Amino acid sequence: LLLRASTLFAAVSANATMTQTVLSSSDTDKLINAAIEKAHSLNANVCVAVVDQSGLLLNFKRMDNAPVGCIDASILKARAAALYRTPTDKYMDRANGKEPAIMTLPGQVPLGGGSPVEYQGHVIGAVGASGSLNPNEIAIAKASSDSFK
């Protein structure tokens, strides 16, 4: 009986495959360019990071005069948006509201400016923006991720 169950499981597992869409280098260039365009329209100098669905860095741009501290912040915002598949401003609202414990989740960033990139209903990466006022960072990251649709 044990042998039969393991054989059945192996047969089911062998047929359980998934296709995963990934961001190409040209996709990440387009996301960076969309973010920079929005930043220019807001007179903001920011850092922009693009990560894959696992939160690993694919592309990065630091605009002239963007603060040095925004380098890591933009990457962390993008990573949090990818890993939790949610814009980081949603967690900012929760942390500032009745759920401050939400910030105990690993890799969470309690600031807006991280926005997931979706394709056919699946998160395939994220954009992080940092170096300006938070409403600008949110708008920049959202404009970039929305440009992918």
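Residues numbered from 1 in each chain as written. Predicted model: local features only at pLDDT ≥ 70, side-chain atom pairs only at ≥ 80, totals over all residues. Heavy atoms only, no water.

Novice: I'd love a proper account of the overall build of the protein, names of residues and values included.
Specialist: Check the secondary structure of the protein and you find five helices and four strands. Along the protein, helices and strands appear, N-terminal first, in the series α-α-β-β-α-α-β-β-α. Relative to its full complement of 149 residues, the protein shows a buried share of 40%. Counting contacts in the protein only where the partners sit at least 6 residues apart, residues at least 24 apart contribute 60% of the total. Total accessible area on the protein is roughly 8700 Å²; 56% of this is exposed by carbon and sulfur atoms. (Helix = DSSP H or I, 4+ residues; strand = E, 2+ residues; numbered from the N terminus. Buried < 20%, exposed > 50% of the residue type's maximum accessible area, 1.4 Å probe, protein only. Contact = heavy atoms within 4.5 Å. Areas by Shrake-Rupley, 256 points an atom, 1.4 Å probe, with all protein chains shown as cover.)

Novice: An account of the confidence of the model for the protein is needed here, citing residue identities and associated values.
Specialist: Chain-level pLDDT for the protein is 90 on average; 90% of the residues reach the 70-or-more range. Confidence drops under a pLDDT of 50 for residues 1–8, and excluding neighbours within four residues, the segment shows zero contacts in the predicted structure. (pLDDT = per-residue confidence, 0-100.)

Novice: Before we move on, can you summarise the sheet that holds strand 2 (residues 57–62) with the specific residues and values?
Specialist: Pairing within the open sheet is antiparallel, and its four strands lie in the order 2-1-4-3. Two strands in the sheet have a free side with no partner beyond their single neighbour: strand 2 and strand 3 (114–119). In this sheet, neighbouring strand axes are inclined to one another by 15 degrees on average, regardless of whether the strands run parallel or antiparallel. Strand direction decides the pairing type here: strand 1 (residues 47–52) and strand 2, joined by five bridges, are antiparallel. Bridge assignment links Val50 to a residue of strand 2, and that residue is Asn59. (Pairing = 2+ DSSP bridges. Axes fitted to C-alpha atoms, helices over the stretch in contact; angles between N-to-C directions.)

Novice: Give me the lowdown on helix 5 (residues 134–146), citing residues and values where you can.
Specialist: Look at helix 5: 18 Å from first C-alpha to last across 13 residues, which is about the 18 Å you get at 1.5 Å a residue. All of the buried residues in helix 5 are Asn134, Asn136, Glu137, Ile140, Ala141, Ser144 and Ser145. The buried residues of helix 5 all sit within an arc of 160 degrees when viewed along its axis, so they share a single face. Contact partners of the buried residues in helix 5: helix 2 (25–41), helix 3 (70–84), helix 4 (88–96), strand 3 and strand 4 (122–130). (Expected span 1.5 Å × (residues − 1). Arc of directions from axis to C-beta.)

Novice: Explain helix 3 residue by residue, including any values.
Specialist: Residues three or four positions apart in an α-helix share a direction because the helix packs 3.6 residues into each turn. For helix 3, built from 15 residues, the straight-helix expectation of 21 Å at 1.5 Å per residue is met to within 8% by its first-to-last C-alpha distance of 21 Å. Regarding helix 3, the residues found buried are Cys70, Ser74, Lys77, Ala78, Ala80, Ala81 and Ala82. Here the buried face of helix 3 lies against strand 1, strand 2, helix 4, strand 3, strand 4 and helix 5. Immediately downstream of helix 3, the backbone of Arg85 shows phi near 55 degrees, a positive value.

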